[in-house]
Amino acid sequence: MTDPVRPWNFSAGPAVLAPEVLAQAQRELLDWRGTGASVMEVSHRGRDFMDMAEEAEQDLRTLMGIPDRYAVLFLQGGATQHFAQLAMNLAAPGDSADYVVTGHWSQKAVREAEPYVRTRVAASTEADGFRRVPSVIDVDPGAAYLHYTPNETIHGTEFHRIPESGDVPLVADMSSDILSRPLDVSRFGMIYAGAQKNIGPSGLVLLIIREDLLQRTGRPMADIFRYARHVERDSMLNTPNTWGWYLAGLTFKWIAAQGGLDVIGERNRAKAEALYAAIDGYGGFYRNDIDPDSRSRMNVPFRLHDEALNTLFLEESSQAGLLALKGHRALGGMRASIYNAMPMEGVKALIQFMRDFAQRHG
Ligand SMILES: *Cc1c(COP(=O)(O)O)cnc(C)c1O
């Protein structure tokens, strides 16, 4: 179902949600499951909410094939809070941890962890302007974990393979690529993702943690920061983001109804391929500077050959029903985020606009 009245939304985040999910939330807003209240107005400890919460977790486990030895948490604080909190939980005082630095978000992950762990850069592509992901990672076998950012949302790079980390637990910030393709969860120690790109509304963060990592830290810490406590209490140590959890659950059902991650992954591959072909295709009118093997399937930054046309491009694209194409302020240019909920139809509309614009101004 696509609503022809709604424009195509290429926002990097908070980002587009599936129209079916929004429509269901709308239908259920005044009376959820016959409770006479919305999902936001009932106790998180009541039967209805607990059932929904459990079902959402089970649906996610099925979609991603999450092994039983992993805990799933629905917490708050965004990915940013967990940059710090994961260091508090996965490293003991005095430990060192390895980081792969591929852009804005991985740099921030290092910075926020620094008060809690000795950080060490195991690979960096900064000298290349973050235009690719590294081919070699120098993992310290004594590191508490190896952290990386599979998809750098701002720079538009993506790992298309999972890095080798030996016995060192691999930790991934999947905020902008979770659920975008099939994934072997067993390769990871911990996966986490802010919800507002591929899952649901902001204010919810999803964590998938191998349970043997929960007892690592000897650090004194309030319960609210301790992952082990959140696991014991099924993410209900305090009031969870009930609305976010509910919308995440609807999105998991939507992905399953599409055919699961194989289908979604194939769609994402085809969408990205078509868009990069357009960028590379119109005689140098557009360009993307990322190494072809490192190009993101989720966030596609591109530039116009003549930057003086940027404002016009944004004005005209917005009038044509193509929203939020302005690039991140740190990089300028354009960026089209094409998460799961952006169908090929939206990508085709963008490509057609780009072709017309290049013809008119080339
Ligand atoms: C958006 C994003 C974040 C920040 O998420 P918050 O929920 O705002 O803290 C972190 N990492 C990546 C890769 C992102 O795309």
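As a starting point, this report considers the structure included with it. (Residues numbered from 1 in each chain as written. Predicted model: local features only at pLDDT ≥ 70, side-chain atom pairs only at ≥ 80, totals over all residues. Heavy atoms only, no water.)

### A closer look at the packing of helix α6 (residues 242-258) against helix α7 (residues 261-281)
- Viewed as axis vectors pointing N to C, α6 and α7 meet at an angle of 80°, and their least axial separation amounts to 7 Å. In terms of orientation, α6 and α7 fall into the roughly perpendicular class. Across from W254, I255 and Q258 in α6, the residues of α7 making contact are L261, V263, I264 and R267. (Axes fitted to C-alpha atoms, helices over the stretch in contact; angles between N-to-C directions. Helix = DSSP H or I, 4+ residues; strand = E, 2+ residues; numbered from the N terminus. Parallel < 35°, antiparallel > 145°, perpendicular 65-115°, else oblique. Contact = heavy atoms within 4.5 Å.)

### Quick word on the sheet that holds strand β14 (residues 334-337)
- An order of β11-β12-β14 is seen for the three strands of this open sheet, with the pairing classed as antiparallel. The open sheet terminates on both sides in strands that have one partner only, identified here as β11 (286-287) and β14.
- Inspection of the sheet shows β11 paired to strand β12 (residues 299-304) by two bridges, in the antiparallel sense. Within the sheet, the bridge partner assigned to R287 lies in β12 and is R303.
- Packing against the sheet, α7 makes contact with β11, β12 and β14, and its axis sits at approximately 15° to β12. (Pairing = 2+ DSSP bridges.)

### Some thoughts on the sheet that holds strand β2 (residues 70-75)
- One open sheet accounts for seven strands, arranged β2-β10-β9-β8-β5-β3-β4; its pairing is mixed. A single partner strand is all that each edge strand has here, and the edge strands are β2 and β4 (118-124). Pairwise comparison of adjacent strand axes, ignoring direction, gives a mean angle of 20° for this sheet.
- Along the sheet, helix α2 (residues 47-64) contacts β2 and β10 (205-210); its crossing angle with β2, the most-contacted strand, is approximately 130°.

### Here we look at the packing of α7 against helix α9 (residues 344-361)
- Relative orientation of the contacting elements α7 and α9 amounts to 5°, with a least axis distance of 10 Å. On the basis of the axis angle, α7 is roughly parallel to α9. Between α7, through A270, K271, A274, L275, A278 and I279, and α9, the contact on the second element is made entirely by M344, V347, L350, I351 and M354.

### Description of the pairing of β14
- The side-chain alternation of β14 yields two buried faces, one formed by M334 and A336 and the other by R335 and S337.
- Of the pairings in the sheet, the one linking β12 to β14 comprises four bridges and is antiparallel in character. Along β14, the bridge assignment pairs F302 with M334. (Buried < 20%, exposed > 50% of the residue type's maximum accessible area, 1.4 Å probe, protein only.)

### A word on the site of the ligand
- Within the structure, the ligand sits among 13 residues, and T80, T153, D173, Q196 and K197 are positioned closest to it.
- In the model, an oxygen atom of the ligand is placed 2.9 Å from a nitrogen or oxygen of the Q196 side chain.
- Here the ligand, which alone exposes 390 Å², has 86% of that area covered by the protein.
- No other element matches helix α3 (residues 78-90), which puts four residues into the shell around the ligand. (Near = heavy atom within 4 Å. Polar contact = N/O pair within 3.5 Å; in protein donor to acceptor, adjacent residues only side chain to side chain. Areas by Shrake-Rupley, 256 points an atom, 1.4 Å probe, with all protein chains shown as cover.)

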